[in-house]
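This is what each chain is made of:
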Amino acid sequence: MDKIRVKGGRRLEGTLVASGAKNAVLPAMAASLLTSEPVTLENAPEVRDVTTMARVLQRMGASDTRLKDHRLILEVPEIRAPEAPYELVKTMRASILVLGPLLARCGEARVSLPGGCAIGARPVNLHIAALQKLGARIEVEHGYIVATGRDLRGAEITFDAKTVTGTENVMMAATRARGRTVLRNVAQEPEIEDLAALLSAMGARISGAGGEAIVIEGVEKLHGAVHPVVPDRIETGTFLMAGAITRGDLRVENCRPDHLGAVLEKLKEVGVRLAIEDRAIRVLPGGPIRAGNLVTLPYPAFPTDLQAQYMALMTQAQGTSLITESIFENRYMHAGELRRMGAKIDIDGHSAVVQGGTPLTGAQVMATDLRASACLILAGLVADGETTIDRAYHLDRGYERIEEKLRKVGAAVERIH
Ligand code: EPU
């Protein structure tokens, strides 16, 4: 199993280019199931989850899932087996995203029910309830969600709580349902807007994505399209915090500052100097980083997917910060590993109290999920000595060649096989 080794103490300097968003490319890939024509995704990130989703699509009948130079071509001429099996879903929960498109395209789907994961229970009850409102019949049998519904009908659906992949699943199902669907209390993440842009390019009639309600007029058929995947705001935020924690001078290009509003505000609040351009953000060396409290919430507030990285930054701030994770119930696994590096962090339920100004020392640590791994790299960048992060495969799921990108801007980071 690969490990990542980081030698601390180097300032990051230079320019990085953001990749396409993992959490946008996965629903876009699932959307390719809605048509027999090719769907081309440009700016696709070359990460492990994309490979896994390609395998899910291949199982169902995809004849093409080529990824070269960030161009991903998907073609599913017919659905041979409308099933996402356990062995793939257990490695990537986002496989649940095929449920809505399969129902829309062929009226049946069998998708392994995802279990709990390292960051929380993560049920899919809201996906199921909304698809039932569109007329699907859904049972859970032998660990699988078994859905049928050849005749989906538009409906008015208000989600009980905001769910990103739930909103996406139901958007995709509704594109080919009969009549009008109105979705309320939807997720408003940029990835939702990106999916709507792709679906529109495929011939769907959809409006309001990114706002509080999404309206979809069902159409008979969707066709192929070419679509550029939105830049990854979480990867961008991770790099900005890597720049800030090393007191470096780092510019991230090909990003969307307008998708990082709450993150940039928080970084400025704690004293990080930023220069914001249209499609680039630069972190500049400045005065001390101050402590700052944080609450994670659905977009447009501060994302849970940057909470772990922010915690690493706060270990180096002046003062004590209170971090409240309000999206997932168990997303503090990184805190225990940071403590092994000398951090002073107390966890009480959803809250973490982080004492700043603690010198970190390199240690052997374990990655538990994607963002926790990124947090440990950030900590390793400022730790005294060498940090070895076990289970690098977590990083590879969502960060494209992170060690190469960071090396390019001066970090001493390497992969050990
Ligand atoms: N929830 C339910 N029932 C549901 C669906 C969600 O109770 O049917 C709860 C979840 O348990 C959680 C909250 O609602 O407590 C929000 O979950 P959501 O459904 O929005 O999360 P998701 O769609 O499974 C996506 C991202 C995650 C990101 C979350 C929150 C993708 C592929 N994944 O997951 O990304 O953390 O939204 O923003 O888009 C990551 O990239 O590291 C990652 C975990």
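These numbers come from a predicted model, not from an experiment.

Calculation notes
Residues numbered from 1 in each chain as written. Predicted model: local features only at pLDDT ≥ 70, side-chain atom pairs only at ≥ 80, totals over all residues. Heavy atoms only, no water. Core = buried A, V, L, I, M, F, W, Y, C linked by side-chain atoms within 4.5 Å. Buried < 20%, exposed > 50% of the residue type's maximum accessible area, 1.4 Å probe, protein only. Helix = DSSP H or I, 4+ residues; strand = E, 2+ residues; numbered from the N terminus. Contact = heavy atoms within 4.5 Å. Near = heavy atom within 4 Å. Polar contact = N/O pair within 3.5 Å; in protein donor to acceptor, adjacent residues only side chain to side chain. Nonpolar A, V, L, I, M, F, W, Y, C, P; charged D, E, K, R; others polar. Domains from an automatic or database assignment. Pairing = 2+ DSSP bridges. Axes fitted to C-alpha atoms, helices over the stretch in contact; angles between N-to-C directions.

Asker: I tried to follow the nonpolar core on my own but got confused; where do I start?
Answerer: Across soluble globular proteins, nonpolar side chains have a tendency to be buried as a group. M29, L41, V98, M171 and L199 are the most contacted members of the largest nonpolar core, which has 79 residues in total. Tallying contributions element by element places helix α1 (residues 22-31) first for this core, with seven residues. If near-sequence neighbours (up to four positions away) are discounted, M171 is found in contact with L183, I192, L195, A196, L199, I206, I214 and I216. Within the second largest apolar cluster, 66 residues are counted, among which are I234, L267, L294 and Y310.

Asker: What's the story with the site of the ligand in this structure? I'm lost.
Answerer: In the vicinity of the ligand there are 21 residues, among which L126, T163, T165, D305 and I327 approach most closely. Here T163 contributes a side-chain N or O atom positioned 2.7 Å from an oxygen atom of the ligand. A distance of 2.8 Å separates an oxygen atom of the ligand from a polar backbone atom of V164. Elements with a minimum of two residues in the shell around the ligand: α1, α5 (125-133), α6 (164-174) and α12 (370-382). No other element matches the three residues that α5 contributes to the shell around the ligand. Tallied by class, the residues present in the shell around the ligand amount to nine nonpolar, six polar and six charged. Here the shell around the ligand spans two domains, since at least three of its residues come from each of domain 1 (3-19 + 231-416) and domain 2 (22-228).

Asker: So what exactly am I meant to see when it comes to the sheet that holds strand β13 (residues 213-217) here?
Answerer: Pairing between sheet strands relies on hydrogen bonds along the backbone, with the strands arranged either parallel or antiparallel. Taken in spatial order, the four strands of this open sheet run β10-β11-β13-β12, and their pairing is mixed. Each edge of the open sheet carries a strand with a single partner, namely β10 (156-158) and β12 (205-207). Here the average twist between neighbouring strands, direction ignored, is 15°. Here β12 pairs with β13 via three bridges, running antiparallel. Bridge pairing in β13 links I206 to I216.

Keep in mind these values describe shape, not function.
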